[in-house]
Amino acid sequence: MTKDPFIIHRSLLFTVAYEMLGSAADAEDVVQEAWLRWSNADQTQVHDPRAYLVRTVTRVALNHMRTLSRRREEYVGEWLPEPLLTSADMGGDFELKQNVSMAMLIVLETLGPTERAVFILHDVFGMPHGEIAEAIGKSVAAVRQIASRARQHVAARQSRKQVSQTEQRAVVERFLSALQTGQLQQLMEVLAPDVVLTADGGGLVPAAKAPVHGAARIAGLLVQPNRQVSATCVWLNGEPGARIDIDGATAAVSFEVKDGLITRIYAVANPRKLTRLDRLVELCR
(Lines give C-alpha, C1' and ligand atoms only; values in the text may rest on other atoms or scores of the structure.)
Protein backbone atom coordinates (compact mmCIF):
# COMPACT_ATOMS: atom_id res chain seq x y z
CA MET A 1 0.00 0.00 0.00
CA THR A 2 1.46 3.35 -1.03
CA LYS A 3 1.65 6.22 1.42
CA ASP A 4 2.29 8.81 -1.28
CA PRO A 5 -0.48 11.43 -0.83
CA PHE A 6 -0.53 12.07 -4.57
CA ILE A 7 -1.40 8.44 -5.33
CA ILE A 8 -3.93 8.34 -2.50
CA HIS A 9 -5.73 11.47 -3.76
CA ARG A 10 -5.25 10.97 -7.51
CA SER A 11 -8.92 10.22 -8.25
CA LEU A 12 -9.94 13.34 -6.31
CA LEU A 13 -7.44 15.46 -8.25
CA PHE A 14 -8.69 14.09 -11.55
CA THR A 15 -12.29 14.83 -10.54
CA VAL A 16 -11.45 18.44 -9.64
CA ALA A 17 -9.61 18.97 -12.94
CA TYR A 18 -12.36 17.27 -14.95
CA GLU A 19 -15.08 19.41 -13.36
CA MET A 20 -13.09 22.54 -14.11
CA LEU A 21 -12.28 21.63 -17.72
CA GLY A 22 -15.05 19.30 -18.91
CA SER A 23 -12.41 17.21 -20.65
CA ALA A 24 -10.90 14.00 -19.31
CA ALA A 25 -7.91 14.25 -21.64
CA ASP A 26 -7.10 17.76 -20.45
CA ALA A 27 -7.75 16.75 -16.84
CA GLU A 28 -5.14 14.00 -17.20
CA ASP A 29 -2.66 16.58 -18.49
CA VAL A 30 -3.37 18.79 -15.48
CA VAL A 31 -2.93 15.91 -13.04
CA GLN A 32 0.36 14.97 -14.69
CA GLU A 33 1.66 18.53 -14.38
CA ALA A 34 0.52 18.62 -10.75
CA TRP A 35 2.49 15.40 -10.17
CA LEU A 36 5.65 17.05 -11.52
CA ARG A 37 5.16 20.03 -9.21
CA TRP A 38 4.53 17.71 -6.25
CA SER A 39 7.66 15.71 -7.05
CA ASN A 40 9.76 18.86 -7.05
CA ALA A 41 8.25 20.31 -3.86
CA ASP A 42 9.76 20.05 -0.39
CA GLN A 43 7.11 17.66 0.87
CA THR A 44 8.37 17.82 4.45
CA GLN A 45 7.03 21.38 4.60
CA VAL A 46 3.54 20.40 3.40
CA HIS A 47 1.29 20.07 6.46
CA ASP A 48 -1.95 19.19 4.58
CA PRO A 49 -1.05 17.26 1.41
CA ARG A 50 -4.66 16.94 0.24
CA ALA A 51 -5.31 20.69 0.39
CA TYR A 52 -1.90 21.41 -1.14
CA LEU A 53 -2.52 19.06 -4.08
CA VAL A 54 -6.03 20.42 -4.72
CA ARG A 55 -4.64 23.97 -4.75
CA THR A 56 -1.92 22.88 -7.18
CA VAL A 57 -4.40 21.21 -9.53
CA THR A 58 -6.63 24.30 -9.37
CA ARG A 59 -3.82 26.64 -10.39
CA VAL A 60 -2.71 24.37 -13.23
CA ALA A 61 -6.30 23.94 -14.44
CA LEU A 62 -6.87 27.71 -14.45
CA ASN A 63 -3.79 28.09 -16.68
CA HIS A 64 -5.15 25.40 -19.01
CA MET A 65 -8.52 27.17 -19.21
CA ARG A 66 -6.95 30.09 -21.05
CA THR A 67 -5.58 27.76 -23.71
CA LEU A 68 -8.84 25.83 -23.94
CA SER A 69 -10.91 28.98 -24.48
CA ARG A 70 -8.87 29.78 -27.57
CA ARG A 71 -9.12 26.20 -28.81
CA ARG A 72 -12.89 26.15 -28.41
CA GLU A 73 -13.27 29.34 -30.42
CA GLU A 74 -11.97 27.32 -33.38
CA TYR A 75 -14.02 24.20 -32.62
CA VAL A 76 -16.22 22.96 -35.47
CA GLY A 77 -19.89 22.84 -34.47
CA GLU A 78 -21.20 22.50 -30.94
CA TRP A 79 -18.78 21.71 -28.09
CA LEU A 80 -19.94 19.33 -25.35
CA PRO A 81 -18.08 18.03 -22.29
CA GLU A 82 -16.37 14.67 -22.63
CA PRO A 83 -18.66 11.92 -21.27
CA LEU A 84 -17.29 9.38 -18.82
CA LEU A 85 -18.43 5.82 -18.18
CA THR A 86 -19.10 5.58 -14.43
CA SER A 87 -20.64 3.16 -11.97
CA ALA A 88 -24.32 3.50 -11.19
CA ASP A 89 -23.91 4.55 -7.57
CA MET A 90 -20.52 6.33 -7.61
CA GLY A 91 -19.95 5.25 -4.05
CA GLY A 92 -23.39 6.45 -3.00
CA ASP A 93 -22.37 10.09 -3.39
CA PHE A 94 -25.63 11.52 -4.73
CA GLU A 95 -24.44 15.12 -4.56
CA LEU A 96 -21.31 14.36 -6.59
CA LYS A 97 -23.41 12.60 -9.23
CA GLN A 98 -25.50 15.74 -9.62
CA ASN A 99 -22.43 17.91 -9.93
CA VAL A 100 -20.66 15.83 -12.60
CA SER A 101 -23.77 15.22 -14.70
CA MET A 102 -23.67 16.38 -18.30
CA ALA A 103 -26.35 18.96 -17.57
CA MET A 104 -24.32 20.46 -14.72
CA LEU A 105 -21.08 20.49 -16.71
CA ILE A 106 -22.87 22.43 -19.45
CA VAL A 107 -24.12 24.94 -16.86
CA LEU A 108 -20.57 25.28 -15.52
CA GLU A 109 -19.40 26.16 -19.03
CA THR A 110 -21.38 29.40 -18.72
CA LEU A 111 -19.23 30.53 -15.78
CA GLY A 112 -15.96 32.39 -16.11
CA PRO A 113 -12.80 30.45 -15.13
CA THR A 114 -12.46 31.98 -11.66
CA GLU A 115 -16.18 31.66 -10.89
CA ARG A 116 -16.12 28.04 -12.01
CA ALA A 117 -13.10 27.24 -9.85
CA VAL A 118 -14.60 28.88 -6.77
CA PHE A 119 -17.99 27.20 -7.21
CA ILE A 120 -16.46 23.76 -7.70
CA LEU A 121 -13.99 24.03 -4.84
CA HIS A 122 -16.50 25.42 -2.34
CA ASP A 123 -19.92 24.04 -3.29
CA VAL A 124 -18.81 20.67 -4.63
CA PHE A 125 -15.68 19.85 -2.66
CA GLY A 126 -16.35 21.86 0.49
CA MET A 127 -13.05 23.74 0.52
CA PRO A 128 -12.99 26.70 2.95
CA HIS A 129 -12.94 30.21 1.46
CA GLY A 130 -9.48 30.85 2.89
CA GLU A 131 -7.92 27.89 1.08
CA ILE A 132 -9.67 28.86 -2.16
CA ALA A 133 -8.33 32.40 -1.82
CA GLU A 134 -4.81 31.01 -1.56
CA ALA A 135 -5.36 28.74 -4.55
CA ILE A 136 -6.62 31.43 -6.93
CA GLY A 137 -4.76 34.46 -5.59
CA LYS A 138 -7.78 36.43 -4.37
CA SER A 139 -8.79 37.84 -1.00
CA VAL A 140 -11.19 35.87 1.19
CA ALA A 141 -13.80 38.62 0.81
CA ALA A 142 -13.50 38.46 -2.98
CA VAL A 143 -13.86 34.67 -2.91
CA ARG A 144 -17.05 34.96 -0.85
CA GLN A 145 -18.53 37.38 -3.39
CA ILE A 146 -17.49 35.21 -6.34
CA ALA A 147 -18.95 32.11 -4.66
CA SER A 148 -22.29 33.85 -4.05
CA ARG A 149 -22.45 35.15 -7.62
CA ALA A 150 -21.54 31.77 -9.11
CA ARG A 151 -24.09 29.96 -6.93
CA GLN A 152 -26.88 32.28 -8.08
CA HIS A 153 -25.81 31.85 -11.70
CA VAL A 154 -25.88 28.05 -11.43
CA ALA A 155 -29.18 27.96 -9.55
CA ALA A 156 -30.86 30.07 -12.23
CA ARG A 157 -29.85 27.57 -14.91
CA GLN A 158 -30.30 24.29 -13.07
CA SER A 159 -33.34 22.09 -13.48
CA ARG A 160 -35.47 22.70 -10.40
CA LYS A 161 -37.06 19.24 -10.44
CA GLN A 162 -34.81 16.25 -9.74
CA VAL A 163 -35.64 13.00 -11.50
CA SER A 164 -34.94 9.65 -9.88
CA GLN A 165 -32.51 7.32 -11.59
CA THR A 166 -35.27 4.72 -11.88
CA GLU A 167 -37.52 7.11 -13.77
CA GLN A 168 -34.73 8.37 -15.99
CA ARG A 169 -33.60 4.86 -16.87
CA ALA A 170 -37.16 3.81 -17.76
CA VAL A 171 -37.52 6.81 -20.09
CA VAL A 172 -34.11 6.19 -21.68
CA GLU A 173 -34.94 2.52 -22.28
CA ARG A 174 -38.21 3.49 -23.96
CA PHE A 175 -36.29 5.87 -26.19
CA LEU A 176 -33.69 3.24 -27.11
CA SER A 177 -36.33 0.59 -27.83
CA ALA A 178 -38.16 2.91 -30.22
CA LEU A 179 -34.89 3.95 -31.86
CA GLN A 180 -33.69 0.38 -32.46
CA THR A 181 -37.02 -0.79 -33.87
CA GLY A 182 -37.46 2.32 -35.98
CA GLN A 183 -40.84 3.15 -34.43
CA LEU A 184 -41.25 6.83 -35.23
CA GLN A 185 -44.50 7.29 -33.30
CA GLN A 186 -43.14 5.56 -30.18
CA LEU A 187 -40.06 7.76 -30.34
CA MET A 188 -42.23 10.87 -30.59
CA GLU A 189 -44.17 9.76 -27.50
CA VAL A 190 -41.06 9.81 -25.32
CA LEU A 191 -39.83 13.22 -26.56
CA ALA A 192 -41.10 16.51 -25.15
CA PRO A 193 -42.56 18.74 -27.89
CA ASP A 194 -39.81 21.32 -27.37
CA VAL A 195 -36.97 18.82 -26.95
CA VAL A 196 -33.51 19.99 -28.06
CA LEU A 197 -30.77 17.79 -29.52
CA THR A 198 -27.17 19.03 -29.30
CA ALA A 199 -24.54 16.98 -31.14
CA ASP A 200 -20.76 17.20 -30.94
CA GLY A 201 -18.83 15.71 -33.84
CA GLY A 202 -15.86 18.05 -33.58
CA GLY A 203 -15.70 18.27 -37.38
CA LEU A 204 -14.40 14.68 -37.42
CA VAL A 205 -17.69 12.85 -37.99
CA PRO A 206 -21.07 13.99 -39.37
CA ALA A 207 -23.11 15.87 -36.74
CA ALA A 208 -25.55 18.75 -36.66
CA LYS A 209 -23.52 21.94 -36.26
CA ALA A 210 -26.31 23.72 -34.40
CA PRO A 211 -28.90 22.49 -31.88
CA VAL A 212 -31.93 20.77 -33.41
CA HIS A 213 -35.31 21.75 -31.95
CA GLY A 214 -38.64 19.92 -31.80
CA ALA A 215 -39.78 16.31 -31.35
CA ALA A 216 -40.90 15.78 -34.95
CA ARG A 217 -37.69 17.09 -36.44
CA ILE A 218 -35.45 15.12 -34.08
CA ALA A 219 -37.42 11.89 -34.47
CA GLY A 220 -37.26 12.23 -38.26
CA LEU A 221 -33.53 12.80 -38.04
CA LEU A 222 -32.97 9.71 -35.90
CA VAL A 223 -35.35 7.25 -37.55
CA GLN A 224 -34.43 6.66 -41.18
CA PRO A 225 -34.89 3.65 -43.50
CA ASN A 226 -32.20 0.97 -43.83
CA ARG A 227 -30.18 2.13 -40.86
CA GLN A 228 -28.23 -0.30 -38.69
CA VAL A 229 -28.79 0.79 -35.10
CA SER A 230 -27.42 -0.72 -31.91
CA ALA A 231 -28.14 0.95 -28.57
CA THR A 232 -27.24 0.07 -24.99
CA CYS A 233 -28.15 1.82 -21.76
CA VAL A 234 -24.95 2.77 -19.89
CA TRP A 235 -24.10 5.02 -16.95
CA LEU A 236 -22.57 8.28 -18.09
CA ASN A 237 -21.40 10.78 -15.47
CA GLY A 238 -23.45 9.02 -12.82
CA GLU A 239 -26.73 9.00 -14.77
CA PRO A 240 -28.52 6.60 -17.14
CA GLY A 241 -27.41 7.40 -20.68
CA ALA A 242 -26.72 5.43 -23.83
CA ARG A 243 -24.08 4.16 -26.17
CA ILE A 244 -25.58 4.29 -29.65
CA ASP A 245 -24.02 2.91 -32.82
CA ILE A 246 -25.62 3.98 -36.09
CA ASP A 247 -24.15 2.51 -39.28
CA GLY A 248 -20.89 1.86 -37.42
CA ALA A 249 -20.56 5.36 -35.93
CA THR A 250 -20.57 5.57 -32.13
CA ALA A 251 -22.06 8.26 -29.92
CA ALA A 252 -22.31 8.62 -26.14
CA VAL A 253 -25.71 10.13 -25.42
CA SER A 254 -26.89 11.83 -22.23
CA PHE A 255 -30.43 12.96 -21.48
CA GLU A 256 -32.41 15.40 -19.40
CA VAL A 257 -35.83 14.11 -18.37
CA LYS A 258 -38.83 15.97 -16.99
CA ASP A 259 -42.35 14.67 -16.33
CA GLY A 260 -41.57 11.36 -18.05
CA LEU A 261 -40.34 12.97 -21.27
CA ILE A 262 -36.91 13.70 -22.69
CA THR A 263 -36.32 17.45 -22.84
CA ARG A 264 -32.62 17.51 -23.81
CA ILE A 265 -30.38 15.12 -25.72
CA TYR A 266 -26.59 15.53 -25.71
CA ALA A 267 -24.88 13.33 -28.30
CA VAL A 268 -21.09 13.21 -28.28
CA ALA A 269 -19.77 11.57 -31.45
CA ASN A 270 -16.32 13.16 -31.60
CA PRO A 271 -14.11 10.03 -31.49
CA ARG A 272 -11.46 11.88 -29.48
CA LYS A 273 -13.98 12.21 -26.66
CA LEU A 274 -14.99 8.55 -26.66
CA THR A 275 -11.67 6.93 -25.79
CA ARG A 276 -12.79 6.21 -22.20
CA LEU A 277 -16.15 4.74 -23.14
CA ASP A 278 -14.91 1.16 -22.66
CA ARG A 279 -13.63 1.48 -19.09
CA LEU A 280 -15.03 2.75 -15.83
CA VAL A 281 -13.68 6.03 -14.51
CA GLU A 282 -13.62 6.64 -10.77
CA LEU A 283 -14.80 10.08 -9.71
CA CYS A 284 -14.68 10.99 -6.04
CA ARG A 285 -14.54 13.82 -3.50
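Since the structure is predicted, the reported quantities are computational estimates derived from the model, not experimental observations. (Residues numbered from 1 in each chain as written. Predicted model: local features only at pLDDT ≥ 70, side-chain atom pairs only at ≥ 80, totals over all residues. Heavy atoms only, no water.)

Asker: Outline unusual backbone geometry, listing residues and values.
Answerer: Of note, Asp247 is a non-glycine position whose phi angle comes to about 50°, a positive value. Position of Asp247 relative to the elements: it lies in the loop between β4 (239–246) and β5 (249–258). Here Asp259, not a glycine, exhibits a phi torsion of approximately 55°, which is positive. The residue Asp259 is located in the loop between β5 and β6 (261–268) in this model. (Helix = DSSP H or I, 4+ residues; strand = E, 2+ residues; numbered from the N terminus.)

Asker: Provide a residue-level description of empty space enclosed by the protein, including the pertinent values.
Answerer: Under the defined criterion, the tally for this structure stands at 1 cavity of 30 Å³ or more. What the largest cavity holds in volume is close to 30 Å³. Looking at the largest cavity, the residues that line it are Met102, Leu236, Asn237, Glu239, Pro240, Gly241, Ser254 and Phe255. Top contributing element to the lining of the largest cavity by residue count: β4, with 3 residues. Counted by class, the lining of the largest cavity contains 4 nonpolar, 3 polar and 1 charged residues. (1 Å grid on protein atoms, 1.4 Å probe; cavity = no way out; pocket = protein on both sides within 12 Å on 5 of 7 lines; lining within 4 Å. Points joined across faces, edges and corners; volume = space filled by probe spheres on them. Nonpolar A, V, L, I, M, F, W, Y, C, P; charged D, E, K, R; others polar.)

Asker: Outline the layout of surface pockets, listing residues and values.
Answerer: By volume, the largest pocket amounts to about 830 Å³. Forming the boundary of the largest pocket are 35 residues, of which Ser101, Ala103, Ser159, Gln162 and Glu256 lie nearest the centre. Looking at which element gives the most residues to the lining of the largest pocket, the answer is helix α5 (residues 94–99), with 5 residues. For the lining of the largest pocket, the residue count by class is 12 nonpolar, 12 polar and 11 charged. A volume near 560 Å³ is recorded for the second largest pocket. What lines the second largest pocket is a set of 23 residues, among which Pro206, Leu222, Arg227, Ile246 and Ala251 lie closest to the centre. When residues of the lining of the second largest pocket are traced back to their parent elements, those giving at least two are α10 (165–181), β1 (191–200), α12 (215–222), β4, β5 and β6. When residues of the lining of the second largest pocket are assigned to their parent elements, the largest contribution, 4 residues, is made by β5. When the residues that make up the lining of the second largest pocket are grouped by side-chain class, the tally is 18 nonpolar, 2 polar and 3 charged.

Asker: Which residues make up the pairing of β4, and what values go with them?
Answerer: Successive side chains on a regular strand alternate, one facing one side of the sheet and the next facing the other. For β4, the buried fraction is high: 6 of the 8 residues fall into the buried class. One ladder, built from 8 bridges, connects strand β3 (residues 229–236) with β4; its direction is antiparallel. Each residue of the ladder has a partner; that of Val234, found in β4, is Gly241. Following β3, the chain reverses through 2 residues before pairing antiparallel with β4; Asn237 in that reversal takes a positive phi of roughly 50°. Pairing geometry for β4 and β5, over 5 bridges, is antiparallel. Note on β5: the bridge partner recorded for Ile244 is Ala251. Counting the residues between successive antiparallel strands, the hairpin from β4 to β5 contains 2 residues, one of them, Asp247, with a positive phi of roughly 50°. (Buried < 20%, exposed > 50% of the residue type's maximum accessible area, 1.4 Å probe, protein only. Pairing = 2+ DSSP bridges.)

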